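So the chains spell out like this:
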Amino acid sequence: MSESPVTVWDSVMSDLRTQVPSTSYEAWLSDIEPLEVSEGSLVIGVPDSFKKGGIERRYRAAIEEIASSVCRRPLALEVRVVGRESEDAAPALVHNELAAPASQGALPLNPDYTFASFVRGENNRLAVAASEATAEAVAQRLKKPYNPLFIYGSVGLGKTHLLQAIGNFVSSADRECTVAYTTSERFAIELINGIRSNATAAFREKYRQVDLLLIDDVHFLKGKEATQEELFHTFNDLHGNKKQIVLSSDRPPEDLSGLQERLVSRFKWGLEADIQPPNFETRMAILREKAIARGIDVDNDILELIAKRISSNVRALEGALVKAIAYAELQGEKLTPKNLEGILPKEGRRPKLTIAHIKDEISTRYELPRSELEGASRKKEISQARQIAIYLARELTEHSFPAIGREFGDRDHTTIMHSYSKIKALLMDTPLLYAEIIEIQETLESRYSLLR
Ligand code: ADP
Ligand code: MG
């Protein structure tokens with residue numbers, strides 16, 4: 001077989017195309033340039049570092065797996081930035097994505113969230129069984145066993161993973177099936193934008209013609225009256241047409257205060273399945289799975305120590321593993337239980353999220369000093385990072401606009417309101433920015449307790 005990078009990449013892409021929903025395919029994978037295939041690696045070029053990060057996070061495993069099977073030897077993926085950014089060495093920042101196409105559909109599914117990569121335990125048995133039965137029924141167009149399926153459990157226990165596994169299963173099993181995944185917040189933003197631009201009909205049409213609707217985090221519908229109203233009608237329409245609905249929430253329907261009674265009563269029509277924190281054995285199994293997915297070999301005593309220390313949140317468990325590995329790599333030392341002790345987070349109550357935490361996260365992520373976020377620079381990448389920080393401060397803490405202004409270099413509250421609305425509007429048209437912000441939000445949520 002001739003092994004030009006182009007041929008190899010073409011076969012990778014034709015395989016990926018069947019696995020990745022078209023919106024994410026367009027957003028992430030359409031403008032990649034194959035550069036080189038060597039004995040041990042496949043090198044591809046992307047236009048900017050935002051894409052580089054996204055592809056590495058989301059698709060590395062899939063690309064490596066396909067490329068290795070095409071070439072019949074293990075290949076590691078290397079992603080290089082070859083666009084203009086590499087010439088003028090602009091910092092990796094969100095402005096790149098502003099050119100991304102606006103999404104017509106709902107949110108992209110993360111291809112890593114599959115049933116195969118979901119570890120089963122006593123804590124999630126019912127939720128997994130019900131999710132699989134539901135996914136199969138939709139894909140095979142059989143009678144739905146539970147409609148809706150309502151999955152609940154506290155943060156970081158795998159609700160999003162399961163919802164997306166259902167979506168991934170259905171879209172790869174039957175490509176005629178239309179699947180929409182969204183969060184209640186995204187649904188609300190879309191509705192508001194639809195109303196603003198006289199496009200509510202298109203919005204309705206989009207969600208009412210799907211075969212499978214996955215709505216994540218419905219507890220955030222609290223206080224959003226118009227969105228609840230809209231979802232109520234969407235629900236009735238889909239349910240009446242025997243289309244499947246799957247919902248997730250951090251609590252069971254009966255505890256969803258602040259939601260309309262008629263909506264909550266519909267949430268109870270099907271099956272409620274909870275996910276509890278995993279026990280020690282399951283935590284070990286999850287850590288092994290995550291280590292394998294990253295292609296690294298970690299000693300059992302290290303995994304045991306992590307599993308003993310972190311018990312209530314799988315995202316935190318995974319975070320501790322990643323941190324431990326990075327530490328060992330950076331220090332060039334072998335990980336031992338002793339040096340691991342020092343770097344593991346102490347579990348206990350998570351501290352309350354503050355604006356300072358948000359600034360820290362944004363400054364690390366975009367490689368900008370914190371002072372720049374408070375400062376006056378109008379450079380695009382700085383001002384956008386600042387606006388994102390302001391947006392998050394408003395969404396995730398209880399501070400008022402004037403109070404936030406004081407934390408950002410004594411800015412006037414009207415400036416803060418403007419930044420906030422600007423990001424809020426951009427989110428709607430920019431799926432990559434949306435995905436990025438959700439990711440930041442989830443990172444913060446796994447470390448701090450949020451007030452909303
Ligand atoms: P939630 O939506 O409930 O807050 P997520 O679905 O985002 O939680 O899960 C957080 C992280 O933990 C994800 O990376 C997910 O893959 C992982 N995770 C959670 N439960 C499991 C599991 N049982 N097996 C494998 N990974 C899991
Ligand atoms: Mg989630």
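In this text, all values refer to a predicted model and were calculated from it rather than measured experimentally.

**Q** How do you make sense of the overall build of the protein chain when you look at a structure like this?
**A** Counting its regular elements, the protein chain contains 20 helices and eight strands. Against the compact-globule benchmark of 22 Å for 452 residues, the protein chain has a radius of gyration of 22 Å, which places it among compact chains. For the C-alpha atoms alone, the extent of the protein chain along its principal axes is close to 60 × 55 × 45 Å. Across the 452 residues of the protein chain, 51% fall into the buried class.

**Q** I would appreciate a short explanation of the pairing of strand β4 (residues 149–152) in the present structure.
**A** A regular strand places its side chains on the two faces of the sheet in alternate fashion. Side chains L149 and I151 project from β4 onto one buried face, and the interleaved F150 and Y152 project onto a second face that is buried too. In this sheet, strand β7 (residues 244–249) lies alongside β4 in parallel orientation, the contact comprising four bridges. When the bridges of β7 are listed, I151 appears paired with S248. Across four bridges, β4 lies against strand β8 (residues 271–274) in parallel orientation. Counterpart to L149 in the pairing with β8 is L271.

**Q** What is the right way to read the sheet that holds β8 from this model?
**A** The sheet built from five strands is open, its strands ordered β5-β6-β7-β4-β8 with parallel pairing. Edge positions in the sheet fall to β5 (179–183) and β8, since each of these pairs with one other strand and no more. Within this sheet the neighbouring strands show an average axis-to-axis angle of 15 degrees, counted without direction. Its contacts with the sheet put helix α5 (residues 125–139) on β4, β6 (212–216), β7 and β8, and the angle it makes with β8 is roughly 135 degrees.

**Q** So what exactly am I meant to see when it comes to the environment of R17 here?
**A** Along the chain, R17 turns up in helix α1 (residues 5–19). C-alpha of R17 to C-alpha of S30: the two residues are 13 residues apart in sequence and 10.0 Å apart in space.

**Q** Can you walk me through the side chain of H219 in this structure?
**A** Along the chain, H219 turns up in the loop between β6 and α9 (225–240). Assessed through its relative accessible area of 12%, H219 is described here as buried. Once residues within four sequence positions are removed from consideration, H219 is found in contact with S249, D250, R251 and L256.

**Q** Help me understand the packing of helix α11 (residues 280–293) against helix α13 (residues 314–331) in this model?
**A** Relative placement of two packed helices is described by the angle separating their axes and the distance separating the axes. In contact at an axis separation of 10 Å, α11 and α13 are set at 50 degrees when each is read in the N-to-C sense. By the angle between their axes, α11 is oblique relative to α13. Of the two elements, α11 crosses α13, and the hand of that crossing is right-handed. Together, R283, I286, L287, K290 and A291 of α11 and V314, L317, E318 and L321 of α13 make up the contact between the two elements. Tallied by class, the residues present in the contact of α11 with α13 amount to six nonpolar, no polar and three charged.

**Q** In this structure, what is going on with α13? I would like to understand it.
**A** Residues spaced three or four apart along an α-helix point in a common direction, a consequence of the helix completing one turn every 3.6 residues. With 18 residues, α13 extends 26 Å between its outermost C-alpha atoms, agreeing within 8% with the 26 Å of an ideal straight helix rising 1.5 Å per residue. Among the residues of α13, those classed as buried are V314, L317, A320, L321, A324, I325 and A328. Down the axis of α13, the buried side of the element spans an arc of 125 degrees, and every buried residue falls inside it. Along α13, exposed side chains directed more than 90 degrees from the buried face belong to E329 and L330.

**Q** Just to check I follow, could you spell out the site of ligand 1 for this structure?
**A** Neighbouring residues of ligand 1: 18 residues in total, closest V119, G156, T160, H161 and R315. The separation between an oxygen atom of ligand 1 and a polar main-chain atom of L157 is 3.3 Å. At 3.0 Å from a nitrogen atom of ligand 1 is found a side-chain nitrogen or oxygen belonging to K290. When grouped by side-chain class, the residues that make up the shell around ligand 1 number seven nonpolar, seven polar and four charged.

**Q** What is the right way to look at the packing of aromatic side chains in this model?
**A** Between two aromatic rings, the relevant description is the distance of the centres plus the angle of the planes. For the structure shown, the criterion picks out 10 aromatic pairs. The interplanar angle of 50 degrees and the centroid separation of 6.4 Å between the aromatic rings of F150 and Y152 together place this pair among those described as tilted. For F150, a relative accessible area of 0% puts it in the buried group. Summarising the aromatic geometry, the rings of F203 and Y207 are spaced 5.3 Å apart at their centres and angled 65 degrees between planes, so their arrangement reads as edge-to-face. Residue F203 and its partner Y207 are located together in helix α8 (residues 200–208), separated by four residues, close to a single helical turn. Judged on exposure class, the residue F203 and its partner Y207 are both buried.

**Q** Before we go on, may I ask you to explain the confidence of the model for the protein chain in this structure?
**A** When pLDDT drops low, the exact placement of atoms in the prediction is not to be read closely. Taken over all residues, the pLDDT of the protein chain has a mean of 86, while the share at 70 or more is 90%. Note on residues 86–105: pLDDT under 50 across the span, and 44 contacts to partners over four residues away in sequence or across chains.

**Q** Sorry if this is basic, but what is going on with the sheet that holds strand β2 (residues 41–46) here?
**A** Strands pair in a sheet through their backbones, by hydrogen bonds, and they do so in one of two ways: parallel or antiparallel. Here three strands make up an open sheet; going across it, the order is β1-β2-β3 and the pairing mixed. Every interior strand has two partners, whereas the edge strands, β1 (33–37) and β3 (76–81), have only one. Ignoring which end each strand starts from, the neighbouring axes of this sheet average 25 degrees apart. Pairing analysis gives four bridges linking β1 to β2, with the strands arranged antiparallel. Note on β2: the bridge partner recorded for E36 is V43. On the sheet, helix α3 (residues 49–71) packs against β2 and β3 and is oriented at approximately 155 degrees with respect to β3.

Criteria and cut-off values
Numbering of residues begins from 1 in every chain and follows the order in which that chain's sequence is written. Chains and ligands are labelled sequentially in the order written, the chains with letters from A and the ligands with numbers from 1. Local features are withheld for residues below a pLDDT of 70 in this predicted model, meaning they are given only at 70 or higher, and side-chain atom pairs are given and counted only at 80 or more; totals for whole chains, interfaces and linings count all residues. The side-chain numbers reported here are obtained from all heavy atoms of the structure, hydrogens and water having been left aside. Strands here are runs of E lasting at least two residues and helices are runs of H or I lasting at least four, both read from the DSSP assignment and numbered beginning at the N terminus. Both definitions apply: the radius of gyration is a C-alpha atom measure, and the globule rule equals 2.2 Å times residues to the power 0.38. Only protein chains enter the accessibility calculation, which uses a 1.4 Å probe; a residue is then buried when its area is under 20% of its type maximum, exposed when over 50%, and partly exposed in between. Whether two strands pair depends on DSSP finding at least two bridges between them. Only the stretch in contact is used when fitting a helix axis, every axis being a line fitted to C-alpha atoms; angles between N-to-C directions are given from 0 to 180 degrees. Only heavy atoms enter the contact rule, under which two residues are in contact if any of them lie within 4.5 Å. These descriptions rest on fixed angle ranges, namely under 35 degrees for roughly parallel, over 145 for roughly antiparallel, 65 to 115 for roughly perpendicular, and the rest for oblique. Should the near helix be turned anticlockwise from the far one by less than a right angle, the crossing is termed left-handed; should it be turned clockwise, right-handed. Classification convention: Asp, Glu, Lys, Arg as charged; Ala, Val, Leu, Ile, Met, Phe, Trp, Tyr, Cys, Pro as nonpolar; all other residues, Gly among them, as polar. The span you would expect from a helix comes to 1.5 Å times its residue count less one. Directions are taken from the helix axis to each C-beta atom, and the arc is the one they span. It suffices for a single heavy atom of a residue to lie within 4 Å of a molecule or strand for the residue to be listed as near it. A 3.5 Å cut-off defines polar contacts: any pair of N or O atoms within that distance qualifies, except that in protein one atom must be a possible hydrogen donor and the other a possible acceptor, and neighbouring residues in sequence count only when both atoms are side-chain atoms. Ring geometry is summarised as follows: Phe, Tyr and Trp rings, the Trp one being its six-membered ring, pair when their centres sit within 6.5 Å, and such pairs are stacked at plane angles under 30 degrees, edge-to-face over 60 and tilted between the two. The quantity known as pLDDT measures the predictor's confidence residue by residue, on a range of 0 to 100.

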